[in-house]
Amino acid sequence: MKNLFFFTGALLIIAGLCFLPTGFEGAQQFKDAVKCKVLVTAVDNSSLIDTGLIRSGQQICKIKFLNGKFRGQKSEGWNMLNGSLAQDKLFKAGDKAQAIVHHDNEKILSVNLIDYYRLNGELFLTLAFAIFLIVFAKGVGFRSVISFFITVLTLWKVLVPLFLKGFNPILTGLTTIAIITFIILLLVYGFDAKLLSSFCGSMSGILFAMILSIICSKAFHIHGAVMANSEALLYSGFQDLNLTQIFMASVCVGASGSVMDLSVDITSAVGELVRNCPNISKKNAIKSGLVVARAAMGTMTTTLLLAYAGTCVALLMTFMAQGTPLYNILNNNVVAAEIINTVAGSFGLAMTAPLTAVFAGSLLTKNNFTKA
């Protein structure tokens, strides 16, 4: 019954977040146009301008509508290329694309091909991931799936809109992460001393990472514009946003998952120790927790390094290919920002481990510090 209560509550949270308005629904591009899926049946590349790696101009495609108001009809679509390898795409016959249709009642005025249609593949990948977790881990997997969706929805429906509305990014980031952490740990442990232990350990590490990110961002003179697409955000009418504080908040958001994972591992290990040895003293439980913490820190401190390094491989390759000296690389603002991300997050992990061991040893045992 208790599990049913928690699962029902979690599902209600997911439903509530799904229907929670962000306040930016009216700002959607092409809100008055029809969005649909089309099949590219033929292409005309005669208007493309090819200059080596870069293509510009327009690709004219014959298309067939696969859903929506004009399903089954055929028309002509336009694919505009702007000379960007990251943004441009070149369709061929047989591709399925996302299209925006401008129309006057039943008359099609124009069709713009926005991108490849990926929704079916993304949905299949997500469902496969969820099914695998549930089949392999059963109840734990089901809780993991629920936690995953709650986290995604909270970030999209709560954190991002509050940032856009100008709320203090640091306080907003910490509060949102605290809520997500509490809900996820509640699903893992229920209302238990292990919930309090893991939550206190997680938030201690996240808070430390946040403080360190604030100090280092100011000391290294890092502006939040180093974040991808941040300047485009300013030019979209949000020039009053404090990008630097948003960058500081993003450090703790990025580290929170690993911090939570580490706190759960240590809390669960100490909890299992206490369950099998109920007469253990708080002192010995803390000592055992610290042993687990030290072992976990041996690998967890490189977790964020590998995660962030994976996102900037192209930048590192560019530096090496151009023969940029290491001195210049380390002084580059983007690299300095990633160093803050990595070191502040890893410091948060390093602080989480011993603190969680102390919290777990103190909260999960009933005996005093001296009893063997």
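Residues numbered from 1 in each chain as written. Predicted model: local features only at pLDDT ≥ 70, side-chain atom pairs only at ≥ 80, totals over all residues. Heavy atoms only, no water.

Q: Describe the overall build of the protein, with residues and values.
A: Counting secondary structure elements, the protein contains twelve helices and six strands. Each of the three principal axes of the protein carries a C-alpha extent, and together these read 85 × 60 × 35 Å. Scored against the burial criterion, the 372 residues of the protein give a buried share of 37%. Sequence-distant contacts in the protein: of pairs separated by 6 or more residues, those separated by 24 or more amount to 67%. (Helix = DSSP H or I, 4+ residues; strand = E, 2+ residues; numbered from the N terminus. Buried < 20%, exposed > 50% of the residue type's maximum accessible area, 1.4 Å probe, protein only. Contact = heavy atoms within 4.5 Å.)

Q: Run through the confidence of the model for the protein, naming residues and quoting values.
A: Atomic detail in the predicted coordinates should be set aside for any region of low pLDDT. In this model, the protein carries an average pLDDT of 88, and 96% of its residues clear a pLDDT of 70 or more. The secondary structure element of the protein with the lowest average pLDDT is helix H9 (residues 303-311), at 79, and the one with the highest is helix H5 (residues 193-219), at 93. (pLDDT = per-residue confidence, 0-100.)

Q: Can you explain the pattern of salt bridges? Please cite residues and give values.
A: Inspection of every chain in the model, using the stated rule, returns five salt bridges. Residues Asp95 and Lys92 are paired through a salt bridge, measuring 3.5 Å at the closest nitrogen-oxygen approach. The shortest N-O distance in the salt bridge between Arg118 and Asp115 comes to 3.1 Å. (Salt bridge = Lys/Arg side-chain N within 4 Å of Asp/Glu carboxyl O.)

Q: Outline the pairing of strand S3 (residues 54-65), supporting the account with residue identities and numerical values.
A: Direction of pairing for strand S1 (residues 34-44) relative to S3: antiparallel, over a ladder of six bridges. The residue bridging Val38 from the neighbouring strand is Phe65, located in S3. Direction of pairing for strand S2 (residues 48-51) relative to S3: antiparallel, over a ladder of four bridges. Across the sheet, residue Leu48 finds its bridge partner in S3, namely Gly57. Both S3 and strand S4 (residues 74-82) contribute to a ladder of nine bridges, which runs antiparallel. Within S4, the position partnered with Gln58 by the bridge is Met80. (Pairing = 2+ DSSP bridges.)

Q: Hey, could you go over the packing of helix H7 (residues 243-276) against helix H12 (residues 333-364) for me, with residue numbers and the actual values?
A: Closest axis-to-axis distance for the H7/H12 pair is 8 Å, and the angle between their directions is 30°. The orientation of H7 with respect to H12, classified from their angle, is roughly parallel. Two packed elements cross with a definite hand, and for H7 against H12 that hand is right-handed. Grouping the amino acids of the contact of H7 with H12 by side-chain chemistry returns 16 nonpolar, ten polar and no charged. (Axes fitted to C-alpha atoms, helices over the stretch in contact; angles between N-to-C directions. Parallel < 35°, antiparallel > 145°, perpendicular 65-115°, else oblique. Left-handed = near helix turned anticlockwise from the far one by under 90°. Nonpolar A, V, L, I, M, F, W, Y, C, P; charged D, E, K, R; others polar.)

Q: Any chance you could break down helix H8 (residues 282-300) for me, citing the residues and the numbers?
A: With 19 residues, H8 extends 25 Å between its outermost C-alpha atoms, agreeing within 8% with the 27 Å of an ideal straight helix rising 1.5 Å per residue. Three or more residues of H8 are buried, namely Lys282, Ala285, Ile286, Gly289, Ala293, Ala296 and Met300. Buried residues of H8, seen end-on, are gathered within an arc of 90° and therefore sit on one face of the element. Residues of H8 that are exposed and point more than 90 degrees away from the buried face comprise Val291, Arg294, Ala295 and Gly298. Each element contacted by the buried residues of H8 is listed here: H7, H9 and H12. (Expected span 1.5 Å × (residues − 1). Arc of directions from axis to C-beta.)

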